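# Structural overview for review
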There are 2 protein chains.
Amino acid sequence: MYLEHITSPEDVRALPADALPQLADEIRSSIIGETAEVGGHTASNLATVELAIALHRVFRTPDDKIVFDVSHQTYAHKMLTGRAPAFFDPSRYGEVSGFASPGESPHDLFSMGHTSTSVSLACGLAHARDIAGESHDVVAVIGDGALSGGLAFEGLDNAAELASGLIVIVNDNEWSIAPNRGGIYRNLAELRATCGASEHNVFRALGLDYRYLEDGHDIAALEGALRELRGTDHPVVLHIHTEKGHGYEPARSNPEGWHHAVPFDASTGVVRPGATAHPADENYANVTGALLLDWIRTDPRVVAVNAATPYIMGFTPELRELAGDRFVDVGIAEEHAVSFVTGLARAGARPVLGIYATFLQRAYDQLWHDLCLNGANATILVFGASAFGTTDATHLGFFDIPMLGAMPGLTYLAPTCIEEYLDMLSWSIEHEGGPVAIRVPVADVASRPDFAQAEDYTHGWETLREGSDVAILALGDFLSLGECTADELAAHGVEATLVNPRLATSPDEALLAGLAEKHRVVVTLEDGILDGGFGERCARTLAARGDVRTLCYGLERAFVDRYDPRELLASCGITVEKITADVLGTLGR
Amino acid sequence: MYLEHITSPEDVRALPADALPQLADEIRSSIIGETAEVGGHTASNLATVELAIALHRVFRTPDDKIVFDVSHQTYAHKMLTGRAPAFFDPSRYGEVSGFASPGESPHDLFSMGHTSTSVSLACGLAHARDIAGESHDVVAVIGDGALSGGLAFEGLDNAAELASGLIVIVNDNEWSIAPNRGGIYRNLAELRATCGASEHNVFRALGLDYRYLEDGHDIAALEGALRELRGTDHPVVLHIHTEKGHGYEPARSNPEGWHHAVPFDASTGVVRPGATAHPADENYANVTGALLLDWIRTDPRVVAVNAATPYIMGFTPELRELAGDRFVDVGIAEEHAVSFVTGLARAGARPVLGIYATFLQRAYDQLWHDLCLNGANATILVFGASAFGTTDATHLGFFDIPMLGAMPGLTYLAPTCIEEYLDMLSWSIEHEGGPVAIRVPVADVASRPDFAQAEDYTHGWETLREGSDVAILALGDFLSLGECTADELAAHGVEATLVNPRLATSPDEALLAGLAEKHRVVVTLEDGILDGGFGERCARTLAARGDVRTLCYGLERAFVDRYDPRELLASCGITVEKITADVLGTLGR
């Protein structure tokens, strides 16, 4: 086995050329073996095995700089830069991040997991090189899926202004997570069909030099093309054609399903029993898709919109087919998604955009300047907004409340159970008072058939227990934490009031004042950061009073990586025991 | 005078063709006359007079939909849709917004002032039209300056997928605010040089149909081209060549200076004595440029970066020349600017990015995912973050504290005077603890040569007066408000402690606790929204204590338009008298 002996890229360069196909096979087997056990980005990593080998044969990192866009295709790169055991040794699976991580290796330049940033980052590396009078190569590797993000265009547009060398490798595997969307993919298809010769060439139109390589799995051809570009004195695009899932039939034949795999049987590709990453997510996805399809069938104004992750809102290929032009996937283009939705709403449609919290960050200004400034009647479903969402530092989803809390005129709802979620979603579609966002629960699919339905969710809240001394405002999926805490307090002789505040960013001030009249302590619980969050807003509202103390529980404003959610909460003091003890202490009991 | 009789687009369509040149002259005179008195976007509006006439001759708004990108070139459109008196009648100057405004007219579809949104908004209008089975035309008018924004690319990329009609007019006047940057402008130049025939064509490469019109001031030619496109069944780009400042020599010969004009003598183009829009801005710009040029000359790592508004950080054409490749204008591409700066920092450079608060919103995810996640040693200078900045709803700058307050690891400083600002800026360039943002003061150029310099601005604050009972934390340019309030309290027998907290998003908790020990009331003052702001964070920090009350003063989370800053503050209770009365009341005096 060659891979066992690769401790650095020098070892890759020392191998004879005829050993490389076997090395590629070993890497591919390790990817399949490791992701079969712990899950991961199987298909995208299978596509870049040969490219990673060729890159490390030609360039000398870390002196030369390689930036992998999204960095969810860096498994082979990691194996070739001293981290192979984390992939071939089952006892070390999970030892390295699924994304680039400078803390792991000097060969990784940036922590990154959102798309379309690589060309801009590489422009910065190249400009710094030039003013320092250095001469190494700078390479950005960007997948076709990431090209539809506007930032990639901004990067390419600026790269064309560089008076020095930059290599942009477009790794074209014909897929985003879902099928690609947009004009640029038609251009890539035309370029593939003409072996790069078509006169329609978006890269050349931007002033960039351009080369095409058809077989992105031919190591010798890749090495040859890269050696030609080494030391280039101007920006150049190398467009290579790869196959998502290459070398593994189950992934090759279903690239969308295998974009990110949950543990599976390596020999058959069948998902292991019980091995779904986020069962709660999937259930919320299913009910969302089903409800929206009902709406689409009964209300001609309703349009479901998504940016390259249709599965999060339940839009499977079958549902997309049924919805027709009433479902729009705009591709990886979150900014466009929000402005598009604003245009739809202005013309009288009722759009519902489903998006991960971490990617909604990419459309901050479109939320503020397009959606909210224009008071668009649209619904934004925010998925994964929780400590129980994705646990990679690159994809944290619990920064949403301060983000949406700064949007004038936006109603941000935090349902506590599946019934309330569906009711809020239907309400939002008919609401005519401007945009509504809904924080789709993550932690578990709580069911509360007896939840208190509201005529109008823009104000008011639900009181679940009436007590005295202490009132607990338990936001969204932290309602169960509030219930457990109230139970524990009751065991200590304190009957707490328990409230579902419904609104994540604009607590009902009159009700809060009423609560303060009757209680000595107010506790806020939120599955998000404290800074700029729900609790802070309550604390400020009550701060001028002298008769009530507010205890706020939430997460720290910090990057955490591959954490255990329960441990993270505990480290922030979010446990039934700690909260109970704090309350009892504050009450002087 | 024809213009007096134009009360709706129907009147424009009723005019004989030979009357149109005079109508254009009248519109142009009105633009010059009105902006000479009250200031405004002179040059961009002079370029679109003939286009607006032709659009309203061919299309029938509001049934047909026209979206003007940025909407700072809509003066002629406004005059032709019933709002001419606001431009030709001096007694009505300032009656209409300088941007599109649906509240003014059904012919304006969106409030908008940030660039690059029009194609996405138009895609939404077109898709809503299609699912409703309607058949009107949808037109986006986008300037060349706005094309470099990634959202414009996302819009064009998605427009190419439309199976129905959409017209995108590229109004190419060869200028952004400053000279255009990036590969797409070289492509536009090549298309102009070849009358649209070059095989390098970014629009065609994306799959869009494309037409070129050389003389964008020839009304008949414009009408002809638009009539051909009317009712198109597919997306098409019409590229027209116009001249920024057309018909007014002073603006024509200096398009950058005349992008947004302050009141001037219409006959000579000379700025009126004392008529500078933001004297404080200009002074902060000058000192910023001068200090950065010093740094550039003495430290080879320092790079100044900007996104199409170099003047805000003092980089006049002369300074840009002196700075050479140590100043980079990335064009209208704020996302790229932040990722580029992250790349520069990773390679050891020390970048300083100057940007308006309202435009920094466009790079929220790049701040979070690139700059902060990677702990880049970079400085962001945030301009216009104040109620005293731009007063158009589209460009409000006082939402910055909650935005930057959600960024892990970012230090956000709020200097109180010019000396402290410059000291913080120099400190930030040498700081190695991750990104630093600085809230450049707006309200006035306060001078305090005896400000307390810090060795390390990541913690600590400055106490200006020691008192008892009440402590005032006066953030940034609200220090003078704090001083006046302390004086007024003293007149009522209350000696207040006055603090410059320096840090806008992470108040020093230990110092806050110490303050609470010695005072019964803490007052926070900030020139920004309360929700998610500085005061709220202080209130939460103190909320668990029973011995201190916190009174927070700041702005409401709301869109306000063309407001008087003093009146806005007063409406939010931010006056010396109100704050003093509140404090005395809380103290029971």
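See the structure shown above.
Here's a quick rundown of the structure. Quick caveat: nothing in here was measured; it's all calculated off a predicted structure.

Helix and strand counts for chain A come out as 24 helices and 16 strands. Taking 589 residues into account, the globule formula puts the C-alpha radius of gyration at 25 Å, and chain A, at 26 Å, falls close to it. Projected onto its principal axes, the C-alpha positions of chain A cover 80 × 55 × 55 Å. Burial statistics for chain A: of 589 residues in total, 68% are counted as buried. Taking the contacts inside chain A whose residues are at least 6 apart along the sequence as the reference set, 77% of them involve residues at least 24 apart. Total accessible area on chain A stands at roughly 18,200 Å², and carbon and sulfur atoms take up 49% of it.

For the rest of this paragraph, the subject is a negative patch on the surface. A cluster of like negative charges, contributed by Glu-190 and Glu-199 of chain A together with Glu-190 and Glu-199 of chain B, occupies part of the molecular surface. Mapped onto the elements, Glu-199 of chain A comes out in the loop between helix 9 (183-193) and helix 10 (202-205).

Moving on to unusual backbone geometry. Residues and elements named next belong to chain A. Each neighbour pair has its own omega, and for Thr-61 with Pro-62 the value is 5°, a cis peptide bond. By the secondary structure assignment, Pro-62 is in the loop between helix 4 (49-58) and strand 1 (65-68). Phi angles above zero are rare outside glycine, and Val-70 is one such case at about 65°. Inspection of the secondary structure assignment puts Val-70 in the loop between strand 1 and helix 5 (75-83).

This part is about the interface of chain B and chain A. Contacts between chain B and chain A engage 106 residues on the former and 106 residues on the latter. Interface area, chain B with chain A, both sides summed: about 9,000 Å², of which 59% is carbon and sulfur. Summed over the shared surface of chain B and chain A, the result is 10 salt bridges. Between Asp-365 of chain A and Arg-362 of chain B there is a salt bridge, with the nearest N and O atoms lying 3.8 Å from each other. For the side of chain B that touches chain A, the residue count by class is 49 nonpolar, 34 polar and 23 charged.

This paragraph deals with the relation of the copies chain B and chain A. The transform that puts chain B on chain A rotates by 180° and translates by 0.0 Å along the axis, for an RMSD of 0.0 Å. The two molecules are tied by a two-fold rotation axis, judged by turn and shift. When the interface residues of chain B are mapped onto chain A, 100% of them again fall at the interface, so both copies present the same face.

As a general point, the strands of a sheet are linked pairwise by backbone hydrogen bonds and lie either parallel or antiparallel. Residues and elements named next belong to chain A. The parallel open sheet is built from 5 strands, whose spatial order is 1-2-3-5-4. Edge positions in the sheet fall to strand 1 and strand 4 (209-213), since each of these pairs with one other strand and no more. Neighbour-to-neighbour, the strand axes of this sheet turn through a mean angle of 20°, independent of strand direction. Against the sheet, helix 9 makes contact with strand 3 (166-172), strand 4 and strand 5 (235-241), and its axis sits at roughly 75° relative to strand 5, the strand it touches most.

Most of strand 16 (residues 549-555) of chain B is tucked away: 6 of the 7 residues are buried. Traced from strand 15 (residues 519-529) of chain B through helix 22 (residues 534-542) of chain B to strand 16 of chain B, the parallel crossover comes out right-handed.

Residues and elements named next belong to chain B. Read across the open sheet, the 5 strands follow the order 12-14-13-15-16; overall the sheet is mixed. Edge positions in the sheet fall to strand 12 (462-465) and strand 16, since each has one partner strand and no second. Here the average twist between neighbouring strands, direction ignored, is 20°. Taken together, the 3 bridges between strand 12 and strand 14 (residues 497-500) define a ladder with antiparallel strand orientation. When the bridges of strand 14 are listed, Arg-465 appears paired with Leu-498.

Opposite charge on two side chains permits them to pair, given that their charged atoms come into close proximity. In this structure the tally under the stated criterion is 76 salt bridges over all chains. We note a salt bridge from Glu-50 of chain A to Arg-28 of chain A, for which the minimum N-O separation is 2.9 Å. Linking Glu-50 of chain A in helix 4 with Arg-28 of chain A in helix 2 (residues 20-38), this pair joins segments that are 22 residues apart in sequence. Accessibility assignment for this pair places Glu-50 of chain A and Arg-28 of chain A in one class, buried. Residues joined in a network through salt bridges with shared partners are Asp-531, Glu-536 and Arg-557 of chain A together with Arg-537 and Arg-540 of chain B.

Let's shift gears to the packing of helix 15 (residues 334-346) of chain A against helix 8 (residues 150-159) of chain B. Where helix 15 of chain A meets helix 8 of chain B, the closest approach of the two axes is 9 Å, and the angle between their N-to-C directions is 70°. The orientation of helix 15 of chain A relative to helix 8 of chain B falls into the category roughly perpendicular. For the pair helix 15 of chain A and helix 8 of chain B, contact is made by Glu-334, Glu-335, His-336 and Ser-339 of chain A and by Leu-151, Glu-154, Gly-155 and Asn-158 of chain B, respectively. Each residue belonging to the contact of helix 15 of chain A with helix 8 of chain B can be placed in one class, and the counts come to 1 nonpolar, 4 polar and 3 charged.

This next bit is on helix 20 (residues 479-491) of chain B. Residue and element names in this part refer to chain B. An ideal rise of 1.5 Å per residue puts 18 Å on 13 residues; helix 20 measures up with 18 Å between its terminal C-alpha atoms. For helix 20, the full list of buried residues reads Leu-479, Leu-481, Gly-482, Thr-485, Ala-486 and Leu-489. Buried residues in helix 20, looked at end-on, bunch into an arc of 150°, giving them a common side. In this fold, the buried residues of helix 20 make contact with strand 12, strand 13 (469-474), strand 14, strand 15 and helix 24 (576-587). Positioned one or two residues after helix 20, Gly-493 has a phi angle of 85°, which is positive.

Turning our eyes to something else, we now look at the state of the cysteines. Applying the stated criterion to the full structure yields 0 disulfides over all chains. Free of any disulfide, Cys-572 of chain A has its nearest neighbouring cysteine sulfur in Cys-552 of chain A, separated by 13 Å. Classification of Cys-572 of chain A by relative accessible area gives buried; the value is 19%. Here Cys-417 of chain B is not cross-linked by a disulfide; its sulfur's nearest cysteine counterpart is in Cys-484 of chain B, at 15 Å.

Residue and element names in this part refer to chain B. At a minimum axis separation of 9 Å, helix 2 (residues 20-38) and helix 4 (residues 49-58) run at an interaxial angle of 130°. Compared by their axis directions, helix 2 and helix 4 come out oblique. Read as a crossing pair, helix 2 and helix 4 show a hand that is right-handed. Taken together, the residues of helix 4 that come into contact with helix 2 (itself represented by Leu-20, Leu-23, Ala-24, Ile-27, Arg-28 and Ile-31) are Val-49, Glu-50, Ile-53 and Arg-57. When grouped by side-chain class, the residues that make up the contact of helix 2 with helix 4 number 7 nonpolar, no polar and 3 charged.

With that settled, consider the packing of aromatic side chains. Given two aromatic rings, their pairing is described by the distance between the two centres and the angle made by the two planes. Summed over the entire model, instances satisfying the criterion amount to 26 aromatic pairs over all chains. Residues Tyr-356 of chain A and Phe-359 of chain A carry aromatic rings whose centres are separated by 6.0 Å and whose planes lie at 80° to one another, so their mutual orientation is edge-to-face. Here Tyr-356 of chain A and Phe-359 of chain A have matching classes, each one buried. The interplanar angle of 10° and the centroid separation of 4.6 Å between the aromatic rings of Phe-315 of chain B and Phe-327 of chain B together place this pair among those described as stacked. Within this pair, whereas Phe-315 of chain B is found in the loop between strand 6 (302-306) and helix 14 (317-323), its partner Phe-327 of chain B is found in strand 7 (residues 327-329), the two being separated by 12 residues in sequence. Judged on exposure class, the residue Phe-315 of chain B and its partner Phe-327 of chain B are both buried. Three or more aromatic residues joined by ring pairs make a cluster, and in this case those are Trp-368 of chain A together with Phe-398, Phe-399 and Phe-559 of chain B.

What counts as what
- Residues numbered from 1 in each chain as written.
- Chains lettered and ligands numbered in written order.
- Predicted model: local features only at pLDDT ≥ 70, side-chain atom pairs only at ≥ 80, totals over all residues.
- Heavy atoms only, no water.
- Helix = DSSP H or I, 4+ residues; strand = E, 2+ residues; numbered from the N terminus.
- Rg over C-alpha atoms; globule rule 2.2 N^0.38 Å.
- Buried < 20%, exposed > 50% of the residue type's maximum accessible area, 1.4 Å probe, protein only.
- Contact = heavy atoms within 4.5 Å.
- Areas by Shrake-Rupley, 256 points an atom, 1.4 Å probe, with all protein chains shown as cover.
- Patch = residues over 30% accessible without salt bridge, like charges linked within 9 Å, V, L, I, M, F, W, Y side chains within 5 Å.
- Salt bridge = Lys/Arg side-chain N within 4 Å of Asp/Glu carboxyl O.
- Lys, Arg positive; Asp, Glu negative; His and termini not counted.
- Charge placed at Lys NZ, Arg CZ, Asp CG, Glu CD.
- Buried area = accessible area lost by both parts, 1.4 Å probe.
- Nonpolar A, V, L, I, M, F, W, Y, C, P; charged D, E, K, R; others polar.
- Least-squares fit on C-alpha atoms with pLDDT ≥ 70 in both.
- Pairing = 2+ DSSP bridges.
- Axes fitted to C-alpha atoms, helices over the stretch in contact; angles between N-to-C directions.
- Right-handed = clockwise from strand over helix to strand, strands pointing away.
- Parallel < 35°, antiparallel > 145°, perpendicular 65-115°, else oblique.
- Expected span 1.5 Å × (residues − 1).
- Arc of directions from axis to C-beta.
- Disulfide = S-S within 2.5 Å.
- Left-handed = near helix turned anticlockwise from the far one by under 90°.
- Phe/Tyr/Trp six-rings, centres within 6.5 Å; stacked < 30°, edge-to-face > 60°.

Scope: geometric values only; no functional claims are made or implied.
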